Amino acid sequence: MSGIRYAAPGRINLIGEHTDYNLGFALPIALPERTVVSYVPDDVPEVAVRSDKEDGEVRIPVDTAPGDVAGWAGYVAGVVWALRSAGHRILGGTMSIASDVEMGSGVASSAALECAVLGALTSAIGLRIDRTELARIAQRAENDYVGAPTGMMDQLAALCGQPRMALMIDFRELTVRPVAFDPDASDIALLLINSRAPHQHAGGEYASRRSSCERAAADLGVPSLREVQDAGVTALAAVADPVDARRARHILTDNQRVLDVVAALEESDFTAIGRLFNASQASMRDDFEITTDHIDLIADTAVGAGALGARMTGGGFGGCVIALAPLDTAAHIADAIRDAVAAAGYNAPTITRTRAGQGAELLR
Ligand code: GLA
């Protein structure tokens, strides 16, 4: 059989953090960096997979089950399992993976891998599934095979991304609406500052935030915090535990900030968007408590040096900060961040200018 190449990108989230599993709103973009799976399908009972980042080959039985495969190949095995569990036929064969999406840096390298593998496997059998269902299958791989209790934002961003567009996602309605996002046209650089402090979501902090939100919703007698979005933060007075109440406040206020950023994008008002970034950063720092001193230093330094706004992006506890920088101050902002981080004794960051890229696609 002839080979298939399928690509899926990493993502950054512009705003709306930890809102996905609370059935709220988020606004991610796909990144230009992608994971490419080259797959030669064959009617054999296993998939043999290699990665350009790892030594050796991992053999995944097509009837794999959670617990069989750990490490990076667990994401591949998870997709094989989730697709098969959804009732679809899986071919074996050989897969090789090449990626320029940095792992463990908060840009959703795992979703890029899941979605590229899913695209390759479904293309091999000519299976067409809509993108929300694909996202659900990829999320299942991550939740139930790998064991990371994440939401669906990363997969939807990887699958639905478009150049010069952000994706307004409503996780209750499961709708994805592209909205124009082109800071370049306003002489603004979107800086991606990778702290190079690794993070991971199978760890306890992500799960504990999720539990707090679920407890808060239970106290309020609703299935998800989305149901009290319109009532506003005063509704949270009925949440028993003050920490849970603060966590929930972050969710409601960040949801509103997503809507406000979408409205500001219609006017290309990047000054307003910058202010909303800063408010989100403060909310993640003070209410949701998912930033670190290192991340706060990067965000504060960016704003102090002239950024319109800066915030951590992704699940938290390390990873990346994004900043909106007027073009003529971008180099100065980057230098200020490098100096501040060095003076505090942290790893040197990598700082790049980025833009919204293409979502998952079959490569010809
Ligand atoms: C990680 C998860 C997403 C989402 C973000 C936080 O990236 O994979 O589902 O919860 O954290 O917004």
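These numbers were taken from a predicted model, which means no experiment stands behind them.

Student: I'm lost on the site of the ligand in this one. Help?
Tutor: In the vicinity of the ligand lie 12 residues, with Glu17, His18, Asp20, Asp154 and Tyr206 positioned nearest. Within the backbone of Gly151, an N or O atom sits 2.9 Å from an oxygen atom of the ligand. Looking at the shell around the ligand residue by residue, the classes come out as two nonpolar, six polar and four charged. Residue-level mapping places the shell around the ligand at the junction of two domains, with at least three residues from each of domain 1 (4–180 + 358–363) and domain 2 (183–353).

Student: Could you clarify how one ought to interpret the nonpolar core in this entry?
Tutor: Across soluble globular proteins, nonpolar side chains have a tendency to be buried as a group. Core analysis: the biggest nonpolar cluster contains 48 residues, and Val37, Val49, Val76, Met95, Val117 and Leu121 have the highest contact counts within it. Among the elements that line this core, the one with the most residues is helix α1 (residues 73–85), at eight residues. Among residues more than four places away in sequence, those in contact with Val49 are Gly56, Glu57, Val58, Ile60, Trp72, Ala73, Val76, Met95 and Ile97.

Student: What should I look at first to understand unusual backbone geometry in this one?
Tutor: Most peptide bonds are trans, and most residues other than glycine sit at a negative phi. If you check the backbone angles, Arg164 has positive phi at about 60 degrees while not being a glycine. Inspection of the secondary structure puts Arg164 in the loop between α4 (153–160) and β7 (165–170). Positive phi, normally seen in glycine, also occurs at Asp187, with a value near 55 degrees. The topology assignment puts Asp187 in the loop between β8 (175–180) and β9 (188–194).

Student: Would you mind showing me how to read the sheet that holds strand β4 (residues 46–51) here?
Tutor: Sheets are built from strands paired through backbone hydrogen bonds, the pairs being either parallel or antiparallel. Strand order across the open sheet formed by six strands is β5-β4-β6-β3-β1-β13, with mixed pairing between neighbours. Each of the sheet's edge strands pairs with one partner strand only, and the pair in question is β5 (57–61) and β13 (361–363). Between one strand axis and the next, the sheet turns by 30 degrees as a mean value, whatever way the strands run. As paired strands, strand β3 (residues 28–42) and strand β6 (residues 92–99) are joined by eight bridges and run antiparallel to one another.

Student: What should I look at first to understand the environment of Val79 in this one?
Tutor: Note that Val79 resides in helix α1. When its relative accessible area of 0% is taken as the criterion, Val79 is described as buried. Not counting chain neighbours up to four residues away, the residues in contact with Val79 comprise Glu114, Val117, Leu118, Leu121 and Ala141.

Student: Before we go on, may I ask you to explain the domain arrangement of the protein chain in this structure?
Tutor: Reports often express the size of an interface as the amount of accessible area lost when the parts come together. Annotation of the protein chain at the domain level lists domain 1 (4–180 + 358–363) and domain 2 (183–353). With centres defined by C-alpha atoms, the gap from domain 1 to domain 2 works out at 24 Å. With 35 residues of domain 1 at the interface, the matching set in domain 2 holds 40 residues. Summed over both partners, the interface of domain 1 with domain 2 comes to about 3100 Å²; 62% of that surface belongs to carbon and sulfur atoms.

The rules behind the values
- Residues numbered from 1 in each chain as written.
- Predicted model: local features only at pLDDT ≥ 70, side-chain atom pairs only at ≥ 80, totals over all residues.
- Heavy atoms only, no water.
- Near = heavy atom within 4 Å.
- Polar contact = N/O pair within 3.5 Å; in protein donor to acceptor, adjacent residues only side chain to side chain.
- Nonpolar A, V, L, I, M, F, W, Y, C, P; charged D, E, K, R; others polar.
- Domains from an automatic or database assignment.
- Core = buried A, V, L, I, M, F, W, Y, C linked by side-chain atoms within 4.5 Å.
- Buried < 20%, exposed > 50% of the residue type's maximum accessible area, 1.4 Å probe, protein only.
- Helix = DSSP H or I, 4+ residues; strand = E, 2+ residues; numbered from the N terminus.
- Contact = heavy atoms within 4.5 Å.
- Pairing = 2+ DSSP bridges.
- Axes fitted to C-alpha atoms, helices over the stretch in contact; angles between N-to-C directions.
- Buried area = accessible area lost by both parts, 1.4 Å probe.

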